[in-house]
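Report on the structure
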Amino acid sequence: MSVPVATVAGAPVPIEELDAAEARLRNGPRAAALPARGTSEGRQLRRWLTQLLVTERVVAAEAAARGLTGHHAPTEPQVLPDLTARLEIGSVAAAVLADPRARALYAEVTAAVEIGDDDVAAYHARNPLRFVEPRPGIDGWRAPPHAAPPLAQVRPAIAEHLLGAARRRAFRLWLDARRAELVELAAGYEHPGDPRQPDNTHRH
């Protein structure tokens, strides 16, 4: 019997599952960009894939426990509208949110998150030109706006922006807590960012 790379709520994640996930990547369209097997970077890739596998199991179990099927889930662009949003939530969580069940779970976990009027006003005061359209300039170029728009004009855009960021943070913290509670990683398959594992070295 093979040694598992991790357990999730006591259930083993066999190394064969990790090997299959890596093989799919190495046989995929981005194979040329992947680090070589057996290198420090190659081992880090396997650690990242282990994180993805255990997170998928945590999310699937939680969605099943809540009776979530993915129907009426928000779309991926609604949850992760741009690269900044993906960076905010982390690469593993962003990958998991490709699954509609995960997005349904995201919606339920973050349903109570709210943004106050004071938050919106403070953001506008700090970033007065963030949501104003540039004006047409000469020769087809765009010129910067003459002045900041009134708060009432950009309030909906700011509120949507802040609420999305707050929801992503809430989901990330919830997911971190559930993984800490349910996941045990085997030696050699620690989190890629764990400073105790030998491949997490800072190089210039």
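For the structure given in this document, a descriptive report is provided here. (Residues numbered from 1 in each chain as written. Predicted model: local features only at pLDDT ≥ 70, side-chain atom pairs only at ≥ 80, totals over all residues. Heavy atoms only, no water.)

What to know about the overall build of the protein
- When its secondary structure is counted, the protein shows eight helices and five strands.
- Along its sequence from the N terminus, the protein presents helices and strands in the succession β-β-α-α-α-α-α-α-α-β-β-α-β.
- The globule rule puts the C-alpha radius of gyration for 204 residues at 17 Å, and the 21 Å found for the protein is more than 25% above it.
- Based on the C-alpha atoms only, the size of the protein along its principal axes is roughly 70 × 45 × 30 Å.
- Each of the 204 residues in the protein was classed as buried or not, and the buried ones make up 31%. (Helix = DSSP H or I, 4+ residues; strand = E, 2+ residues; numbered from the N terminus. Rg over C-alpha atoms; globule rule 2.2 N^0.38 Å. Buried < 20%, exposed > 50% of the residue type's maximum accessible area, 1.4 Å probe, protein only.)

Overview of the side chain of Glu62
- Positionally, Glu62 belongs in helix H2 (residues 40-65).
- If sequence neighbours within four positions are ignored, Glu62 has contacts with Leu105, Trp174 and Arg178. (Contact = heavy atoms within 4.5 Å.)

Describing the nonpolar core
- Counting residues in each nonpolar core, the largest one holds 33 residues, and the members touching the most others are Val13, Leu80, Ile89, Leu97, Phe171 and Leu175.
- With eight residues, the top contributor of residues to this core is H2.
- Ignoring sequence-local partners within four residues, the contact set of Leu80 consists of Ala85, Arg86, Ile89, Ala94, Leu97 and Arg168.
- Membership of the second largest hydrophobic core comes to five residues, among which are Val120, Tyr123, Ile158 and Leu162. (Core = buried A, V, L, I, M, F, W, Y, C linked by side-chain atoms within 4.5 Å.)

Some remarks on the sheet that holds strand E2 (residues 11-13)
- One open sheet holds the three strands; their spatial order is E2-E1-E5, and the pairing between them is antiparallel. With one partner strand each, in any of the chains shown, E2 and strand E5 (183-185) form the two edges of the open sheet. Within the sheet, the average angular offset between the axes of one strand and its neighbour, ignoring direction, is 25 degrees.
- Across three bridges, strand E1 (residues 6-8) lies against E2 in antiparallel orientation. Note on E2: the bridge partner recorded for Val8 is Ala11. (Pairing = 2+ DSSP bridges. Axes fitted to C-alpha atoms, helices over the stretch in contact; angles between N-to-C directions.)

Focus on the packing of aromatic side chains
- Under the criterion given, the structure shown has three aromatic pairs.
- Measuring from ring centre to ring centre gives 6.3 Å for Tyr123 and Phe131, while their planes differ by 45 degrees; the resulting arrangement is tilted.
- Accessibility expressed as a relative area gives 27% for Phe131, which makes it partly exposed.
- Pairing Phe171 with Trp174 gives two aromatic rings, centres 5.7 Å apart and planes at 25 degrees, and the pair type is stacked. (Phe/Tyr/Trp six-rings, centres within 6.5 Å; stacked < 30°, edge-to-face > 60°.)

Details of the packing of H2 against helix H6 (residues 100-109)
- The interhelical angle for the contact between H2 and H6, taken along N-to-C directions, is 65 degrees, at an axis separation of 9 Å. Classified by the angle their axes make, H2 and H6 are roughly perpendicular. Note that H2 runs across H6; the crossing there is left-handed. Across the interface between the two elements, Val59, Ala60, Glu62 and Ala63 of H2 pack against Arg101, Ala102 and Leu105 of H6. (Parallel < 35°, antiparallel > 145°, perpendicular 65-115°, else oblique. Left-handed = near helix turned anticlockwise from the far one by under 90°.)

Let's talk about the environment of Leu185
- On the secondary structure map, Leu185 appears in strand E5.
- When the C-alpha positions of Leu185 and Val5 are compared, they lie 6.3 Å apart, and in sequence the two are 180 residues distant.
- Those residues in contact with Leu185, other than ones at most four positions away along the chain, are Val5, Ala6, Thr50, Gln51, Glu190 and His191.

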